[in-house]
Amino acid sequence: DVKVTQSSRYLVKRTGEKVFLECVQDMDHENMFWYRQDPGLGLRLIYFSYDVKMKEKGDIPEGYSVSREKKERFSLILESASTNQTSMYLCASTLDRGRISYEQYFGPGTRLTVT
Amino acid sequence: DAKTTQPTSMDCAEGRAANLPCNHSTISGNEYVYWYRQIHSQGPQYIIHGLKNNETNEMASLIITEDRKSSTLILPHATLRDTAVYYCIVRVSGSARQLTFGSGTQLTVLP
């Protein structure tokens, strides 16, 4: 079974703190994604990565950065947490784009509260 | 990606089949139909996908009409743990782009 794990299920941080969210997948997937999910706004892509050390901005990258030093690990960094970054953060991975069709596998999510 | 339309909510009795419809009348020839679900406070979970033939796996069956303008996800024996929001998505094959979920169908399985 594909497994995508995230470092924390629940996290509470203060405004201005630097926050690290870790994601690890065990299926040797090339592509990894970070989304945030908010009521009424659906799933929004923050950043994604097609390969080690490669990253591309999604729809809402402001206030975030990412790191992919190893294939299995994709980290999301909130440089200076703000209250509007309170959200559910979801990591996902999927096979290389060369496949005919493929599905995304999601982690359990991290519910981040910034106070 | 083509737009999809799903009912906002549905109820189903435990042990009965749950049939969740999805309309995708603007689907193009190279777009697959995918189903995901999201149980409250958990990450989305892939269920099944198909192009034009009916598909079945250990979780569900997917029935796609001949004109491909609509599909039905079938959970053959719904359990309380199947209570979730179910999302129908159409996507181009081989696409690594991000997923975009619509509002989905809230399925409630009743005891």
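What comes next concerns the included structure. Computed from a predicted model, the values in this text were never measured in an experiment. Numbering of residues begins from 1 in every chain and follows the order in which that chain's sequence is written. Just so you know, chain letters begin at A and ligand numbers begin at 1, following the order they were written in. Given that the model is predicted, a residue must reach a pLDDT of at least 70 before its local features are reported, and side-chain atom pairs must reach 80 or more before they are shown or counted; all residues, however, enter totals for whole chains, interfaces and linings. In computing side-chain values, all of the structure's heavy atoms are included and hydrogens and water are not.

Considerations on the pattern of salt bridges
Residue and element names in this part refer to chain A.
Next, step 1: By salt bridge we mean one thing: a side-chain nitrogen of Lys or Arg within 4 Å of a carboxyl oxygen of Asp or Glu. This model, assessed by the stated rule, comprises eight salt bridges over all chains.
Next, step 2: Put simply, Lys71 and Glu30 hold a salt bridge, and the shortest N to O gap is 3.5 Å. With a gap of 41 residues between them, Lys71 in the loop between strand 7 (64–70) and strand 8 (73–78) and Glu30 in the loop between strand 3 (19–25) and strand 4 (31–38) connect regions that are remote in the sequence.
Next, step 3: A salt bridge links Glu69 to Lys53; the nearest nitrogen and oxygen atoms lie 2.4 Å apart. Of this pair, Glu69 sits in strand 7 while Lys53 is found in the loop between strand 5 (42–49) and strand 6 (56–57), placing the two residues 16 residues apart along the sequence. Helix and strand labels come from DSSP, where a helix needs a run of H or I of at least four residues and a strand needs a run of E of at least two; each type is numbered from the N terminus.

As for the sheet that holds strand 3 (residues 31–38) of chain B
Residue and element names in this part refer to chain B.
Next, step 1: Pairing within the open sheet is mixed, and its five strands lie in the order 1-9-8-3-4. If you trace the sheet from one side to the other, it starts and ends with strand 1 (9–13) and strand 4 (45–50), each paired once. In this sheet, adjacent strand axes meet at a mean angle of 25° when their direction is disregarded. Strands are treated as partners if at least two bridges between them are detected by DSSP. Note on definitions: angles span 0 to 180 degrees between N-to-C directions of axes, and those axes are lines fitted to C-alpha atoms, for helices only across the stretch in contact.

Regarding the state of the cysteines
Next, step 1: Disulfides are defined as cysteine sulfur pairs within 2.5 Å. Per the counting criterion, the structure on display carries two disulfides over all chains.
Next, step 2: Covalent S-S linkage joins Cys23 of chain A and Cys91 of chain A, the inter-sulfur distance amounting to 1.8 Å. Across the disulfide from Cys23 of chain A to Cys91 of chain A, rotation about the S-S bond amounts to roughly -75°, and the bridge is consequently left-handed. On the criterion of sequence distance, the pair formed by Cys23 of chain A in strand 3 and Cys91 of chain A in strand 9 (residues 87–94) is long-range, its members being 68 residues apart.
Next, step 3: Exposure remark for Cys23 of chain A: the relative accessible area of 0% places this residue in the buried category.
Next, step 4: There is no disulfide at Cys12 of chain B, and the cysteine sulfur nearest it, in Cys22 of chain B, is 18 Å away.
Next, step 5: Relative accessibility under 20% of the residue-type maximum defines a buried residue, over 50% an exposed one, and the middle range a partly exposed one, all with a 1.4 Å probe and only protein chains included. On the basis of relative accessible area, Cys12 of chain B is assigned to the buried category, the value being 7%.

Some words on the nonpolar core
Considering soluble globular proteins, one finds that nonpolar side chains tend to be buried as a cluster.
Next, step 1: Only buried residues count toward a nonpolar core. Its members are Ala, Val, Leu, Ile, Met, Phe, Trp, Tyr and Cys residues joined through side-chain atoms within 4.5 Å. One finds Leu20, Trp35, Leu73, Leu75, Tyr86 and Leu107 of chain B to be the most contacted residues of the largest nonpolar core, which totals 21 residues.
Next, step 2: Elements with a minimum of two residues in this core: strand 2 (18–23), strand 3, strand 4, strand 6 (61–64), strand 7 (70–75), strand 8 (84–92) and strand 9 (105–110) of chain B.
Next, step 3: Looking at which element gives the most residues to this core, the answer is strand 8 of chain B, with four residues.
Next, step 4: Setting aside residues no more than four positions away along its own chain, Leu107 of chain B makes contact with Met10, Asp11, Cys12, Ala18, Leu20, Leu75, Asp82, Thr83, Ala84 and Tyr86 of chain B.
Next, step 5: Residues Met32, Tyr64, Val66 and Tyr89 of chain A belong to the second largest nonpolar core, which totals 20 residues. By definition in these notes, contact holds between two residues if any of their heavy atoms fall within 4.5 Å.

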